[in-house]
There are 2 protein chains.
Amino acid sequence: MTEHATGIGWIGAGEEPLAAETHGEKAAWLSQAAALGLPVPPAFVIPAALVADLDAARPAIEAALAELEARAEARLGDAQNPLLVSVRPSAPGGGGGAPAILNIGVTQVTLPALAARHGEHVARDLYRRLIQSYGAGALGVEGEEFEYALYDAMKYAGVESETGLSTAELDELAGACLALIEDAGGAFPQDAGDQLHGAMAALAVAWLSPRAELRRTARGIGEGAGLSLIVQAMVLGLGAAPSGAGIAHPRDETSGEKVLTGRYLASAQGEEALMGLRTPTVLTVAEREIKGLSEPSLEEQCAAAVTLLADAADRLEVAFGESFSLEFTVSAGATQILEARPARRSARAAVRIAVELAERGAISREEALLRVDPAFLDDHLHPSIAPDATRDLIGQGLPASPGAVSGPLVFSPGAAEAAAAAGRPAILALIETGPEDIRGMHAALGVLTVRGGMTSHAALVARGLGRPCVVGVKDLELDRGAGVLRARDGRNFNEGDVVTVDGGEGQVLAGRVETVPPEITGAFATLLQWADAERRMGVRANADTGADAIVARGFNAEGIGLCRTEHMFFQRGRILAMRQMIMAEDEAARRRALEALLPMQRDDFVDLFQAMAGLPVVIRMLDPPLHEFLPHGEAEMAEMAESLDVPVSKVKARAAELAEFNPMLGNRGCRIGIAYPEIYQMQARAIFEAACEVAARSGQPVRPEIMIPLVSAVRELELLKRHIEAVAAEVRAERGEMVEYHVGVMIETPRAALRAGEIADQADFLSFGTNDLTQLVFGLSRDDAGRFIPDYVAQGVYSHDPFHTLDLEGVGEIMRIATERARAHRPDIPIGLCGEHGGDPESIRFCEESGFDYVSCSPFRVPIARLAAAQATIRARRNGTGRDKEPK
Amino acid sequence: MTEHATGIGWIGAGEEPLAAETHGEKAAWLSQAAALGLPVPPAFVIPAALVADLDAARPAIEAALAELEARAEARLGDAQNPLLVSVRPSAPGGGGGAPAILNIGVTQVTLPALAARHGEHVARDLYRRLIQSYGAGALGVEGEEFEYALYDAMKYAGVESETGLSTAELDELAGACLALIEDAGGAFPQDAGDQLHGAMAALAVAWLSPRAELRRTARGIGEGAGLSLIVQAMVLGLGAAPSGAGIAHPRDETSGEKVLTGRYLASAQGEEALMGLRTPTVLTVAEREIKGLSEPSLEEQCAAAVTLLADAADRLEVAFGESFSLEFTVSAGATQILEARPARRSARAAVRIAVELAERGAISREEALLRVDPAFLDDHLHPSIAPDATRDLIGQGLPASPGAVSGPLVFSPGAAEAAAAAGRPAILALIETGPEDIRGMHAALGVLTVRGGMTSHAALVARGLGRPCVVGVKDLELDRGAGVLRARDGRNFNEGDVVTVDGGEGQVLAGRVETVPPEITGAFATLLQWADAERRMGVRANADTGADAIVARGFNAEGIGLCRTEHMFFQRGRILAMRQMIMAEDEAARRRALEALLPMQRDDFVDLFQAMAGLPVVIRMLDPPLHEFLPHGEAEMAEMAESLDVPVSKVKARAAELAEFNPMLGNRGCRIGIAYPEIYQMQARAIFEAACEVAARSGQPVRPEIMIPLVSAVRELELLKRHIEAVAAEVRAERGEMVEYHVGVMIETPRAALRAGEIADQADFLSFGTNDLTQLVFGLSRDDAGRFIPDYVAQGVYSHDPFHTLDLEGVGEIMRIATERARAHRPDIPIGLCGEHGGDPESIRFCEESGFDYVSCSPFRVPIARLAAAQATIRARRNGTGRDKEPK
């Protein structure tokens, strides 16, 4: 540390601004404000390095005090011209210290001069205030004791507020407070110098108490952080009106709009306006009128103060690219700023402030992009419960998919569909969901499940569908037989009873609750435009239908990174053909059933290609094991048997034949394509025919990207590519048209990652399927993990849920190996990520650092991904690891 | 290629031996025999390089022929002193060519001199033999046509064999054969030189035919392999007795014992003794008497020939370290060797031959160890069906666990246990098995399952238990309700009907079938001793009980590499306590139930430690998900509820609560230890108490190695180590004894492999659990894969079943990464492998190359592993990658 860095700093016009690292954040900002020429009382700052040994620093402090006395033209403890000072804590990271001690320097010696200068009443008030705050802050007397004394005095005097106390009553109160100190074994110093050094020592000691340290740890302030101390000339806030203290906010905390709001309390010091002892007023006439208050605002009491504050806030914004709240004191009409701290703001306000600061040139667009936490945007993208609404909580679960929605309960996917068909809203409540419930989930407005974790099927599908969803609501018991949802408090909810699902908070509420809608307009839209201009990586959406694709385009997705074709088969009218295919006795019968599915699949792809007009569309071939398409219950099996006109015993036999112990690790993904080539052939044909059709209609070529799932050996890719090429040749021969297409691999088994080099030789692109890759790297089932992952995270076994944020040490590590190997074989192979992680900012940063070409995520997370990708690009550039941006 | 390598080579005493690569294997071995001084007719060999263009090579061939004529003191085609020669194919890899053409040089010109030398009858016989073999071999006439002509002649002459034909009749036969050639548009050359060159050209052309190439491919002979040709002076085998031809085997093909056996046919040439036209005799009196033959043996016809052959075989063994079968011809009492080829042998014979060759110094012990394929030993280690037994096949499945056993059928584990309790044998037939069937499998003599692959639960457990087992017997249908096993041919088998399971062949046979027992004695035992002296790696056994451990020690296992503690809980009397634990409402109740299990576990470990006296014992903490310990059926649940005195609804609720979609990826392994610390604590206590007890009893310290399963994060290890240390401290305090123990990690998730560096910082040892690691690297469930892996291997998607032989490209790759990282952090950390692969030779070689410290496998595969480990050590040394051997 340099001599300068450890030296005592000065706050005032013409002084060098101080650094937060050495002198704490409060001193740093305040010195900036003073340097800008704003009215700030003169002060010196003892840096943490000196506070650590105050005795040793005493000569330096004495010298600084002398200088301060010179600047203030008054002397501490002087009987004729006494200086009063405050001692304020200034810590790194802001806040975190004990309360400031004000009015130091009021003694029996200085009282007469103070009385002469401010009047007897103010002098007595200053005296009893110092005794109180010094007693509590420096001598260890319980603050409550002094409050009781004050209340007693007010009660005895018959006044509502301390301002009503007479000079004599204040004197008596001071006496009572001194007695309290003596009772506690303390002694109030009558020497002003002792007061100052005592106050500094007390704040330094308080900072090191275990309780203070715990508090700092909880706030994420590092262990070795030291406290600096500000010694500042007092501005009284008492005496001749207008005098008082308050806080000014230059922007609306919720919206970020530039409107001056705040609190002001006449005849007050420090933070009294916020403490609630007396009712403060507001700053402006406008705010007073909106709130319907009668007490005159500060503007009406002292218009100059409001002008000064508005102007100061504005100048600070421009100068430092930040919006500050200002603590201020008015002394006989003169306003002084005692603290300038970055203003609190909602996520929405943060966006607006960042954008407006950039627009006025206070910060760069790059800086504006970095200012907004992408994760906070999530709340923006869905309706949420109105902040002042009453919540009648009946179950707390996990916030699986954000957004809030109210509606009548249904207990089966079928009932949800029936409701949707009849135009009625429905909230679908289930124990858990499976693929066959997807139609029902689509039909419902919101979903709640009793079981499941953040990455359960219900959570994933709901996020994909953009449906508010709460999972793992253990407080609720669903008795489907009785058709009742039982809350732990004994209340029962039947089908049709209205509840509200708050996916943002993971709560299920009784009844209908007011919500506020999402918006991507104004500053938010501007910020995302800037993000698009900045980011290197493409952002695509995981979308399975034309409708999904339209939503995704609405969020400016640059293509589809994952279309899961199996979801199409669960739609009404298709599941039967699918089941016919599964029940087929031989290849010929299977081909017949597939022929019935072909036109439907083709139509699906026509919709997709049209919606994405010209943008890339990655279509994943059928992935789930076939048994997922069969019903489970006896009744459903009987129904299916009747529909297909086969004996129910045959349905059961086939189901038993296909059943698997670990479906996740079973006959699925490309293994199905190998076992039943005709299925993938049908899908390839549907893709090519749809591409021809849309190309012919739009006059624009369509270039589908066919993705092979669950590859574990390069030979799988070779075999399936051959099948797909054969179909392409057939379609080309039939239609006389050439469809350009790519065949790529979804890297989701560790083996595919390890063999990525030779896979890259054969594949046109790679896309990491990080959901399954995470399952396999950890040996952890997404659907089963929900029960113990929270406990694991709580015990610190995993630092976070790896299905939510990419596990960089394991999953990321094998992705790095894969990327390295793939690029060694083929430096220009496009690489993407299409798991749920594609919408997670941390994971997106990893993708940028790994040089991926794009990420793909749920449509509703596309805006988050756009911003996160831009931030990742900026950070990489700043780290010196930036990459060239290629045309997307 | 050097001039020398492509040049014509010579076979004869004093000649340089020829290389198989240039002159083919037949010529190489024969030149070695001649060089050794054994009687071999003089011959020159045209290498493949010259055979490729015979025209160009003609001058060289003519020169060689002149030299051969000089050596044989006769001239091809000479009217006074004619030379006869044969042309024989000599190919790399042995065999594979068209038949040799003999007696070249018999023409109208040479016939008189031949008649003068050998008699008219022999001369005529030679003539018609040449016409026949030349017509078939060089002129393209169907060989059958000549055979019909021969049969006609014999029939007309009224004789049983061609030797009965008179000179005139042979002449007529020759005429008939010449007519056949003319009918086919050919012409038999009367010039001896034309005959020679025609024969050579014909063999060269036949070698290149697509059919011949296909045959070579099927035998694994490389594509570019060329044919060499041997031109050799004829030894007739006809004429004055004793004359004839035969084959001699110096050792018994099945046992490897040194006993001369073979076939000999008087008045015969080449391989006629093996062709079955006439009945040959045997070589020795001893063999004749054993077989009860009346025809005099060669020994009785020409004792000198037998002495010469026995001596020749013996000298060849010593000289070349190999046992050869000899093709020979006797001409008027003089024996000549025409071919020496490595003798066919059974696995058992291979062991004995290798050991005896090493014992007599013909090969090194190292070479003997490399000669025996460890995989072939498997059949040695179990009883097998007697070779001559009749097999009444009722179902073909997969050979899951070798050995053959007969017994009455049972259709439930309970019935198998009841049978065992009553001392009755039982063969357990099930659809599939699960952990709760293990007791029944233990009680049964053999197991068959209708479903499942080579690595299904049934197969794994059966291999571990050393029980013969056939899985995936699709031909059989098990109707448990009706209590009947239905064969595809309509036969029904009820409980009690006797069947035989042949685990070596994967067959289920009706009735009882005779078996022959295994043995590890004699040469086999010697070989394994040598292997133990040679190998660097330790070989441990996977053993779960004291009984298993005793079997393992019988096979010289050097410790236990994996004791699966869960198997202990399925034993009668324990499963109830286990279920009580699972049903416990809180930790206290769980601890009470665990207290009941503690003494049982302690006894288990006492048994293990005693059986392994002083050897290391790796105990894996509880691994399977808890729901595996609950019953599945309604009836069993009701029974359990009654036993535990809880309502059946509670049992069902708990089962539903614990049920998992993918149990393999669920709440198992160390996750159980984290969720329910008291379970691992009980197990640790049982281990430490047992160690104290056995140490006190034996006076020898016991050092248990505790292994944590399914680790995916280093923090899991840290937490569980802390629990274990606490228990160790408690036991130490209670008993006043210090138990030394190690805590290691089973590396079975890809993440653990990737984080092996930091895991090695915390773990005392690492052991790769390659079963689960393979499942996770491939994304492939062991229990479900059986249905498509065979198809995958057939289509070449996987080169082999990765659950059988380690997948080096994927699983091996991540193991290499893990080993590298672990050793980088801690170079001396012991690393082992304890999956099924520990008994697979290829996988063991990988472990040696990776520098592992030991492998661990099923007790019954320990001998295989011992040999394979020795081979791996030798091969590594030869590759220059050998490692120092450390004391095991």
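Refer to the structure above for everything that follows.
Values in this document were obtained by computation on a predicted structure and should not be read as measured data. (Residues numbered from 1 in each chain as written. Chains lettered and ligands numbered in written order. Predicted model: local features only at pLDDT ≥ 70, side-chain atom pairs only at ≥ 80, totals over all residues. Heavy atoms only, no water.)

**Remarks on the overall build of chain A**
Right, so step 1: Within chain A, the regular secondary structure consists of 39 helices and 32 strands.
Right, so step 2: Out of the 888 residues belonging to chain A, those deemed buried represent 57%.
Right, so step 3: Considering only residue pairs separated by 6 or more positions, chain A has 68% of its internal contacts joining residues 24 or more positions apart.
Right, so step 4: Working note: accessible area of chain A is about 34100 Å², and carbon and sulfur atoms make up 50% of it.
Right, so step 5: Between the centroid of the 84 positive side chains of chain A and the centroid of its 124 negative side chains there is a distance of 6 Å. (Helix = DSSP H or I, 4+ residues; strand = E, 2+ residues; numbered from the N terminus. Buried < 20%, exposed > 50% of the residue type's maximum accessible area, 1.4 Å probe, protein only. Contact = heavy atoms within 4.5 Å. Areas by Shrake-Rupley, 256 points an atom, 1.4 Å probe, with all protein chains shown as cover. Lys, Arg positive; Asp, Glu negative; His and termini not counted. Charge placed at Lys NZ, Arg CZ, Asp CG, Glu CD.)

**Observations regarding the sheet that holds strand E1 (residues 9–11) of chain B**
Residues and elements named next belong to chain B.
Right, so step 1: Spatial ordering of the open sheet is given by E1-E2-E7-E5-E6, a layout of 5 strands whose pairing is antiparallel. Single-partner strands in this sheet number two, and they are E1 and strand E6 (101–104). Within the sheet, the average angular offset between the axes of one strand and its neighbour, ignoring direction, is 25°.
Right, so step 2: As judged from the 4 bridges shared by strand E2 (residues 43–46) and strand E7 (residues 228–233), these two strands associate in the antiparallel manner. Within E7, the residue paired with Val 45 across the bridge is Ile 230.
Right, so step 3: Across the sheet, helix H3 (residues 25–35) lies against E1, E2, strand E5 (85–90) and E7, angled at about 120° from E5, the strand it touches most. (Pairing = 2+ DSSP bridges. Axes fitted to C-alpha atoms, helices over the stretch in contact; angles between N-to-C directions.)

**What to know about helix H8 (residues 143–157) of chain B**
Residue and element names in this part refer to chain B.
Right, so step 1: Between its terminal C-alpha atoms H8 stretches 21 Å, which fits the 21 Å expected from 15 residues at 1.5 Å a residue.
Right, so step 2: Within the span of H8, buried status applies to Phe 146, Ala 149, Leu 150, Ala 153 and Met 154. One face of H8 carries all of its buried residues, which in axial projection span an arc of 135°. Along H8, exposed side chains directed more than 90 degrees from the buried face belong to Tyr 148, Asp 152, Lys 155 and Tyr 156.
Right, so step 3: Directly beyond the C-terminal end of H8, a positive phi value near 70° is found at Gly 158. (Expected span 1.5 Å × (residues − 1). Arc of directions from axis to C-beta.)

**Comments concerning the pairing of strand E8 (residues 244–249) of chain A**
All names here are of chain A.
Right, so step 1: Judged by how many residues are buried, E8 sits mostly within the fold: 5 of 6 residues are covered.
Right, so step 2: Pairing of E8 with strand E9 (residues 261–266), which is carried by 6 bridges, proceeds in the antiparallel orientation. In the sheet register, Ala 248 faces E9, and the bridge partner there is Gly 262.
Right, so step 3: By the bridge criterion, 5 bridges tie E8 to strand E10 (residues 324–331) in an arrangement that is antiparallel. Residue pairing across strands places Ile 247 opposite Glu 327, the latter belonging to E10.

**Some words on the sheet that holds strand E21 (residues 492–494) of chain A**
Residues and elements named next belong to chain A.
Right, so step 1: If you trace the 3 strands from one edge of the open sheet to the other, you get E19-E20-E21, paired in antiparallel fashion. Each edge of the open sheet carries a strand with a single partner, namely strand E19 (477–479) and E21. Neighbouring strand axes in the sheet, compared pairwise and without regard to direction, differ in orientation by 25° on average.
Right, so step 2: Direction of pairing for E19 relative to strand E20 (residues 484–486): antiparallel, over a ladder of 3 bridges. When the bridges of E20 are listed, Leu 478 appears paired with Leu 485.

**Quick look at the interface of chain A and chain B**
Right, so step 1: Contact residues are listed per partner, giving 52 residues for chain A and 52 residues for chain B.
Right, so step 2: In total, chain A and chain B occlude about 4400 Å² of area from one another, counting both sides; carbon and sulfur atoms represent 51% of this.
Right, so step 3: A per-residue breakdown of the area chain A buries against chain B is headed by Phe 661, Leu 665 and Arg 751 of chain A, which together make up 15% of the total.
Right, so step 4: Counting across the interface, chain A meets chain B through 8 salt bridges.
Right, so step 5: Across the pair Arg 751 of chain A and Glu 809 of chain B runs a salt bridge, and its minimum N-O distance is 3.6 Å.
Right, so step 6: Summed over the shared surface of chain A and chain B, the result is 28 residue pairs in polar contact (both at pLDDT 80 or more).
Right, so step 7: At the level of secondary structure, the elements contributing two or more residues to the side of chain A that touches chain B comprise helix H28 (648–658), helix H29 (670–675), helix H31 (714–735), helix H32 (750–754), helix H34 (770–778), helix H35 (782–785) and helix H37 (808–825) of chain A.
Right, so step 8: Here the residues of the side of chain A that touches chain B are counted per class, giving 24 nonpolar, 11 polar and 17 charged. (Buried area = accessible area lost by both parts, 1.4 Å probe. Salt bridge = Lys/Arg side-chain N within 4 Å of Asp/Glu carboxyl O. Polar contact = N/O pair within 3.5 Å; in protein donor to acceptor, adjacent residues only side chain to side chain. Nonpolar A, V, L, I, M, F, W, Y, C, P; charged D, E, K, R; others polar.)

**What to know about the packing of aromatic side chains**
Residues and elements named next belong to chain A.
Right, so step 1: Applying the stated criterion across every chain yields a total of 29 aromatic pairs over all chains.
Right, so step 2: Taking 5.5 Å as the distance between ring centres and 55° as the angle between the ring planes, the aromatic pair formed by Trp 10 and Phe 44 counts as tilted. In this pair, Trp 10 sits in strand E1 (residues 9–11) while Phe 44 sits in strand E2 (residues 43–46), placing the two residues 34 residues apart along the sequence.
Right, so step 3: For Arg 71, the ring lying beneath its charged end belongs to Trp 10, and the centroid distance is 4.2 Å. (Phe/Tyr/Trp six-rings, centres within 6.5 Å; stacked < 30°, edge-to-face > 60°. Lys NZ or Arg CZ within 6 Å of the ring centre and 35° of its normal.)

**Brief notes about the pattern of salt bridges**
Right, so step 1: Scanning the entire structure with this criterion turns up 136 salt bridges over all chains.
Right, so step 2: With its nearest N and O atoms 2.8 Å apart, the salt bridge here joins Arg 352 of chain B to Glu 356 of chain B. Of this pair, Arg 352 of chain B and Glu 356 of chain B both sit in helix H16 (residues 347–359), 4 residues apart, which is roughly one turn of that helix.
Right, so step 3: In this structure, Glu 730 of chain B and Arg 685 of chain B form a salt bridge, with 2.8 Å as the shortest nitrogen-oxygen distance. Of this pair, Glu 730 of chain B sits in helix H31 (residues 714–735) while Arg 685 of chain B sits in helix H30 (residues 677–698), placing them 45 residues apart in sequence.
Right, so step 4: Through salt bridges that share partners, Arg 251, Lys 258, Asp 314, Glu 317, Arg 352, Glu 356 and Arg 360 of chain A make up one connected network.

**Considering H31 of chain B**
Given 3.6 residues per turn, any residue in an α-helix points the same way as the ones three and four places further on.
Right, so step 1: Look at H31 of chain B: 31 Å from first C-alpha to last across 22 residues, which is about the 32 Å you get at 1.5 Å a residue.
Right, so step 2: Those residues of H31 of chain B that sit buried are Val 714, Glu 716, Leu 717, Leu 719, Leu 720, Lys 721, Ile 724, Val 727, Ala 728 and Val 731 of chain B.
Right, so step 3: Taken together, the buried residues of H31 of chain B touch helix H36 (789–794) of chain A together with helix H29 (670–675), H30, strand E28 (704–708), strand E29 (742–747) and helix H33 (756–762) of chain B.

**Comments concerning a negative patch on the surface**
Residues and elements named next belong to chain A.
Right, so step 1: Where like charges cluster on the molecular surface, the negative patch consists of Glu 142, Glu 144, Glu 145, Glu 147, Glu 182 and Asp 183.
Right, so step 2: Of all the secondary-structure elements, those providing two or more residues to the negative patch are helix H8 (143–157) and helix H9 (167–183).
Right, so step 3: If one sorts the elements of the negative patch by residue count, H8 sits on top with 3 residues.
Right, so step 4: Topologically, Glu 147 is positioned in helix H8.
Right, so step 5: According to the relative accessible area criterion, Glu 147 is partly exposed, its value standing at 40%. (Patch = residues over 30% accessible without salt bridge, like charges linked within 9 Å, V, L, I, M, F, W, Y side chains within 5 Å.)

**A word on the state of the cysteines**
Right, so step 1: Summed over all chains, the structure comprises 0 disulfides over all chains.
Right, so step 2: Cys 847 of chain A takes part in no disulfide bond, and the closest cysteine sulfur to it belongs to Cys 834 of chain A, at a distance of 11 Å. (Disulfide = S-S within 2.5 Å.)

**Observations regarding the packing of helix H7 (residues 120–137) of chain B against H8 of chain B**
Residues and elements named next belong to chain B.
Right, so step 1: For the pair H7 and H8, the least separation of the axes is 8 Å and the interaxial angle reads 155°. Here H7 lies roughly antiparallel to H8, going by the angle between them. For the pair H7 and H8, the contacting residues are Arg 128, Ile 131, Gln 132, Gly 135 and Ala 136 in the first and Gly 143, Phe 146 and Leu 150 in the second.
Right, so step 2: Split by residue class, the contact of H7 with H8 holds 4 nonpolar, 3 polar and 1 charged. (Parallel < 35°, antiparallel > 145°, perpendicular 65-115°, else oblique.)

**Focus: the pairing of strand E22 (residues 498–502) of chain A**
Residue and element names in this part refer to chain A.
Right, so step 1: Burial analysis of E22 places 4 of its 5 residues in the buried class, which makes it a mostly covered element.
Right, so step 2: The pairing of strand E15 (residues 404–410) with E22 spans 5 bridges and is antiparallel. When the bridges of E22 are listed, Ser 406 appears paired with Thr 500.
Right, so step 3: Examined bridge by bridge, E22 and strand E23 (residues 507–510) share 4 bridges and lie antiparallel to one another. In the strand pairing of E23, Asp 502 is matched with Gln 507.
Right, so step 4: The hairpin formed by E22 and E23 contains 4 residues between the paired strands, and Gly 506 there has a positive phi angle of roughly 70°.

**Examining the nonpolar core**
Right, so step 1: In this structure, Phe 688 of chain A together with Phe 688 of chain B are the most contacted members of the largest nonpolar core, which totals 286 residues.
Right, so step 2: When near neighbours in sequence (up to four residues on either side) are disregarded, Phe 688 of chain B contacts Ile 706, Ile 724, Val 727, Ala 728, Val 731, Val 739 and Tyr 741 of chain B. (Core = buried A, V, L, I, M, F, W, Y, C linked by side-chain atoms within 4.5 Å.)

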